[in-house]
Structure formats: C-alpha cells, structure tokens
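So the chains spell out like this:
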Amino acid sequence: MKTTAISTVRTEDPANRDAEWRLPSDTTVFDEIVADLSSTLFSSFRRKDQRRKAEQYLQGLLTAPGRKSIRNIAAQVGGSSAEQGLHHFISSSTWDWRPLRAALASHLEQIHCSQGWVVRSTHIPKAGEHSVGVDKLFAPQSGKTFRGQRAFGVWSVSERLSAPINWRLFLPHQWVNDHERRDRAEVPEEFGTESLEECAVAAALDTVRLRGGRRRPVLVDLRQGGVAKAMARFASAGLPVLARVDASYPLAVADRALPGYGAGALPARRILEMVKGMRRPVHWLDAETSWTSRTSLAAAVAVTCPAGPGAGHPRQLLLVGEWLDPARPPAQVWLTDMTQLQVAPLLRLTKLTRRVDRDFSHVGEATGLRDFVGRSFRGWHRHITLASAAHTAVVLARDDYGMARGVVPVSA
C-alpha cells in the first residue's frame, strides 16, 4: 500500500494548530511500516474486500487533509465512488474491532517494551446532538464545559513512544436510559450506567481481557472520586495501579515510625507535609519538552485507605508526593499498590502521562482520533480503532524503530 505521510499536526490547543511534523520526501520506509502494520492487523478479516477497505481507510487517515471524515477519506483514496463502500464498512458492517485492537497491542509489544498503560480521558466536541454519547460535559484539560463525547483511551507507553490500544466510550445516563437513542445508535445491551471513574477503570480491565495474560501497570486519574472501589477492582484483576488522587483524599499512615500514625484518616496533603523531611531529588526526562532533564522532590509513605464496614483488613499502599517548589504544597499526589518500588522509579513512571499527552497532540489529532463523523456506537469504535493504527504507524516512524529503518523526523 503506497502512502504519502501526513504533514500537518493538529493539537488540542487552537493556538498551536500550525505545529508541524514531517517525514522526508522519500517515504519508502514509512510505506514499509504501514504495510507491516496492515498485514498484522487486517489478517483477521475473512474477506478480501474488507481487507482492501481497511487498507483504504488507513491510507486515507494518513493522507487526507483536514478532518478525517469518511467523505474526506473517500475523496483521498477513491473519490465519490468509494464513499458509500467506506461508509458501510465503518458504520454498518459486522466486523469486530476487538481482534484488530488485540493485534495492534501485540504488534506494539514486539517493537517496544511497554512500561505501562496510561488511561487518558479524551473529549470530542460535537455540534449536533445525535452522535452516540453526546452530552454537555466538563473538560478538565481546559476547565470548560463543552457539548460532545467523552472517551477513555488505554495507551501502551514507554519513554520512546505511546499509542492507544483500547477505547471505551462514556455514555451519560441520558443515553443509557433512553431506549430510542440506544436503538438508533445501536448501543449494545451490556453498556449501562457508570461514572467517569468506573468507565476509566473498565477501559483498563477490558484491555486485560483483550491482551490475555499480559499485564502492565495502569496509570489512571481518580481525582474526581471512586478511589477505594477502583483500587479494589484493579487488585481483584491482578493489575498493578498508580492512581492520581486529590490532595484532600483521606488516608491513614501505616508506618509506626512516621508522624500521623494512629491519628486515623488524614488528608493526603497533610500526610505528605508531615513527612517532607523525607523528600529526595528525583531526576527525570520531560517528553513534552524534547527530553529536557528535570528534577523534582518526591517522597513515598506507607498508607491504607479507609475501610468501610465489613471490608476486612485494609491493604497497605504507597502515597507518593511530588514537589516542583519545595516551599509549596505537593504538585501531584499518587496512590499505588506497587509497594516494592522505590520513590524514584514510581515518580518516573508517572511521567509516562506526559509522553501520551505529547503524542496525542502531535500525532493523534492529525490521524483522526477525534474526527469520526457519524452516529453509531459501532461506527465510532471501528473508526477510532483504525485511527489508532494510523497513529501507531506515525509514532513508529518517529521512533528509533523508524530511524533504524531510515526514517528521520525533520521536526518534533
């Protein structure tokens, strides 16, 4: 499959829409990367015409200028005659996107050693009201309310690269309880009411089922609540977790030698302030600023979550605090069950979220992760699965994997 690589990168920040990343004019090696990916992912299709349409759609995601709608993709790869076929392939066909996601995860695992799975919330503005899951929602990244969709992507990430391997679309209760809407969007019966935190956790647990026995530490933001329940669900699944929590979240100091032991539940911020004499400098590389070396102060404290009635003996966890300014309160607060790790590797693990944010804004936007124009649940999942494949092709070309094969980024 011959592909001319995308050249302009779009970001979540409108002020940065002109940021660019290009591959050299000789795209032979990039075409090889795309061909390898296509061969791996699309082998699950039983019919040749499905494989051909999948390749067309992937090519269109990588080459079509502007929004990656089915119309724009069709115009790039086959004109108006291709639009109807691609629309049916995405919105009305019967193929299952899950084998493609499993194959994508396996392909990535063979190429880079994933250090963790980052569960990232993605908001998708929509002007209309009929796309599946659309509602009035709050975007924590911008601090503003918007009309659109909310999805949670699970990103396989290392310091080298990141790519989404699974997705879960959040369905507001207005959608869950509206049978007419559900039928129109073809929402499966098993999708019921869940909070944002429950949706984020479910996305990670779905990835375990997708990947079989392979597990990676999960990084997830639980600052809005549901911490104890989420930690318990991860523990039941045997999935290690590093969760960002609100500084006011109540915890109990579990180390007899530390201040606060025996005082009952205390805000996480207060616990960390009491042990700030334990802080140590941790050096890390910042993926958001082209690998600038940075240093933070960090401390880790053994704690337990408050246990409800009949919950049994509370499980010991680690509370991790990071200070960017030693004179101010902790900038970030994390809770983990990976108690065998020291504070330095734990803090560096949290920085994988910055790798994901950079790759989403520099690549994912341009490969269509927020661009599906359609109303169906299944159509959204098929589009975003193929957009994840397009994102993967580009980040592999940017990474050392691509460089080793002759692809050199002009700018990043």
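Worth saying up front: this structure is predicted, and the values here are computed from it rather than measured. (Residues numbered from 1 in each chain as written. Predicted model: local features only at pLDDT ≥ 70, side-chain atom pairs only at ≥ 80, totals over all residues. Heavy atoms only, no water.)

## Things to note about the side chain of Gln-56
Within the secondary structure, Gln-56 sits in helix 2 (residues 48–63). Note on Gln-56: relative accessible area 17%, which makes it buried. Those residues within four positions of Gln-56 in sequence are excluded, and the remaining contacts are Ile-73, Val-77 and Leu-86. (Helix = DSSP H or I, 4+ residues; strand = E, 2+ residues; numbered from the N terminus. Buried < 20%, exposed > 50% of the residue type's maximum accessible area, 1.4 Å probe, protein only. Contact = heavy atoms within 4.5 Å.)

## Considering the confidence of the model for the protein
Averaged over the protein, the pLDDT score is 87; the fraction of residues at 70 or greater is 88%. Every residue in residues 5–21 is under pLDDT 50, and counting partners more than four places away or in other chains gives 51 contacts. Counted against residues more than four places away or in other chains, residues 402–412, with its pLDDT under 50, gives 27 contacts. (pLDDT = per-residue confidence, 0-100.)

## Quick look at the packing of helix 5 (residues 98–111) against helix 13 (residues 377–398)
In contact at an axis separation of 10 Å, helix 5 and helix 13 are set at 15° when each is read in the N-to-C sense. The angle between the axes of helix 5 and helix 13 places the two elements in the roughly parallel class. Relative to helix 13, helix 5 is oriented so that their crossing is left-handed. Across the interface between the two elements, Leu-100, Arg-101, Leu-104, His-107, Leu-108 and Ile-111 from helix 5 touch His-381, Ile-384, Thr-385, Leu-386, Ser-388, Ala-389, Thr-392 and Leu-396 from helix 13. For the contact of helix 5 with helix 13, the per-class residue count stands at 8 nonpolar, 5 polar and 1 charged. (Axes fitted to C-alpha atoms, helices over the stretch in contact; angles between N-to-C directions. Parallel < 35°, antiparallel > 145°, perpendicular 65-115°, else oblique. Left-handed = near helix turned anticlockwise from the far one by under 90°. Nonpolar A, V, L, I, M, F, W, Y, C, P; charged D, E, K, R; others polar.)

## A few points about the pattern of salt bridges
In the structure shown here, the tally under the stated rule is 19 salt bridges. With a shortest N-O distance of 2.4 Å, Arg-209 and Asp-206 are connected by a salt bridge. Separated by 3 residues within a single helix, Arg-209 and Asp-206 lie in helix 8 (residues 196–211), roughly one turn from each other. Accessibility expressed as a relative area gives 60% for Arg-209, which makes it exposed. Assessed through its relative accessible area of 22%, Asp-206 is described here as partly exposed. Its salt-bridge partner being Arg-355, residue Asp-359 comes within 2.9 Å of it at the nearest N-O pair. Here Asp-359 pairs with Arg-355, and both are found in helix 12 (residues 352–364), just 4 residues apart, close to one helical turn. On the accessibility criterion, Asp-359 (2% relative accessible area) is buried. On the basis of relative accessibility, which here comes to 6%, the residue Arg-355 falls in the buried class. Each member of the salt-bridge network shares a partner with another, and the members are Arg-168, Glu-194, Asp-206 and Arg-209. (Salt bridge = Lys/Arg side-chain N within 4 Å of Asp/Glu carboxyl O.)

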